[in-house]
Amino acid sequence: VQLQASGGGLVQAGGSLRLSCVVSGFTLGNFAMGWFRQAPGKEREFVAVISRSGGRSIYAESVKGRFTISRDNAKNTVALQMDSLKPEDTAVYYCAADLKLGELVTTSPREYDYWGQGTLVTVSS
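Below is a summary of the structure that appears in this document. (Residues numbered from 1 in each chain as written. Predicted model: local features only at pLDDT ≥ 70, side-chain atom pairs only at ≥ 80, totals over all residues. Heavy atoms only, no water.)

When a protein is soluble and globular, its nonpolar side chains tend to lie buried together. Ranked by size, the top nonpolar core spans 38 residues in total, and within it Met33, Trp35, Leu80, Met82 and Tyr93 carry the most contacts. With near-sequence residues (within four places) excluded, Leu80 lies in contact with Leu17, Arg18, Leu19, Trp35, Val47, Ala48, Phe67, Thr68, Ile69 and Tyr93. (Core = buried A, V, L, I, M, F, W, Y, C linked by side-chain atoms within 4.5 Å. Buried < 20%, exposed > 50% of the residue type's maximum accessible area, 1.4 Å probe, protein only. Contact = heavy atoms within 4.5 Å.)

Looking now at the pairing of strand S9 (residues 91-99). Within S9, 7 of the 9 residues are buried, which leaves the element mostly enclosed by the surrounding structure. Alignment of strand S4 (residues 31-38) against S9, held across 8 bridges, turns out to be antiparallel. If you follow Trp35 over to S9, its bridge partner there is Cys95. Pairing analysis gives 3 bridges linking S9 to strand S11 (residues 119-124), with the strands arranged antiparallel. Paired with Ala91 across the two strands is Val121, which belongs to S11. (Helix = DSSP H or I, 4+ residues; strand = E, 2+ residues; numbered from the N terminus. Pairing = 2+ DSSP bridges.)

Attention now goes to the side chain of Arg66. Locating Arg66 in the fold gives a position in the loop between strand S6 (57-59) and strand S7 (67-72). By relative accessible area, Arg66 is classed as buried at 10%. For Arg66, the contacting residues outside a window of four places in its chain are Gln81, Met82, Asp83, Ser84, Leu85, Lys86 and Asp89.

A few words now on the environment of Ser84. Summarising the element assignment, Ser84 is placed in the loop between strand S8 (77-82) and S9. Taking the relative accessible area as the measure of exposure, Ser84 reaches 41% and is therefore partly exposed. Taking C-alpha positions, Ser84 is 5.5 Å from Gly15, a pair spaced 69 residues apart along the chain.

Moving on to the layout of surface pockets. Taken as a whole, the largest pocket encloses approximately 160 Å³ of empty space. Along the wall of the largest pocket there are 13 residues; nearest its centre are Arg37, Ala39, Lys42, Glu45 and Glu88. Residues of the lining of the largest pocket, tallied by class, amount to 2 nonpolar, 3 polar and 8 charged. (1 Å grid on protein atoms, 1.4 Å probe; cavity = no way out; pocket = protein on both sides within 12 Å on 5 of 7 lines; lining within 4 Å. Points joined across faces, edges and corners; volume = space filled by probe spheres on them. Nonpolar A, V, L, I, M, F, W, Y, C, P; charged D, E, K, R; others polar.)

On to the side chain of Asp89, then. Within the element layout of this structure, Asp89 appears in the loop between S8 and S9. On the basis of relative accessibility, which here comes to 1%, the residue Asp89 falls in the buried class. In terms of polar contacts, Asp89 uses its side chain to reach the backbone amide nitrogen of Lys86, at 2.8 Å. (Polar contact = N/O pair within 3.5 Å; in protein donor to acceptor, adjacent residues only side chain to side chain.)

Turning to the pattern of salt bridges, a few remarks are in order. Throughout the structure, instances matching the rule amount to 6 salt bridges. Salt-bridge contacts for Lys64 lead to Glu61; the nearest nitrogen and oxygen are separated by 2.6 Å. Judged by its relative accessible area of 64%, Glu61 falls in the exposed class. Between Lys100 and Asp98 there is a salt bridge, with the nearest N and O atoms lying 2.9 Å from each other. Here the two residues Lys100 and Asp98 agree in accessibility, since each one is buried. Linked through salt bridges whose partners overlap, the residues forming this network are Arg37, Glu45, Arg66 and Asp89. (Salt bridge = Lys/Arg side-chain N within 4 Å of Asp/Glu carboxyl O.)

Spelled out as structure tokens, the structure:
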């Protein structure tokens, strides 16, 4: 099982980045997929989650309206489009897979089964 996150980098405030998570070793369509982030000295926090079919998504209040999560099960890929970035978005971003039935999703990191290695996003002011 592998989740490979990429797309992080350095961007100015107000800019955009698109993170990608390519998975292998399991059937993506059986899993809800989430993005989490962890800033230095802080706990890992929920960012966004998308259901197995892509029909349902939930966002943290801090990113709602600025970030968009999407998935392509045929390409084994999940993406996080991040617009209007702010310095407080600076963190290591992780994708994670949660085995779920139907359109159920969760924001709790404890319920996720597999995790990627993370990609660093730095937003300068």
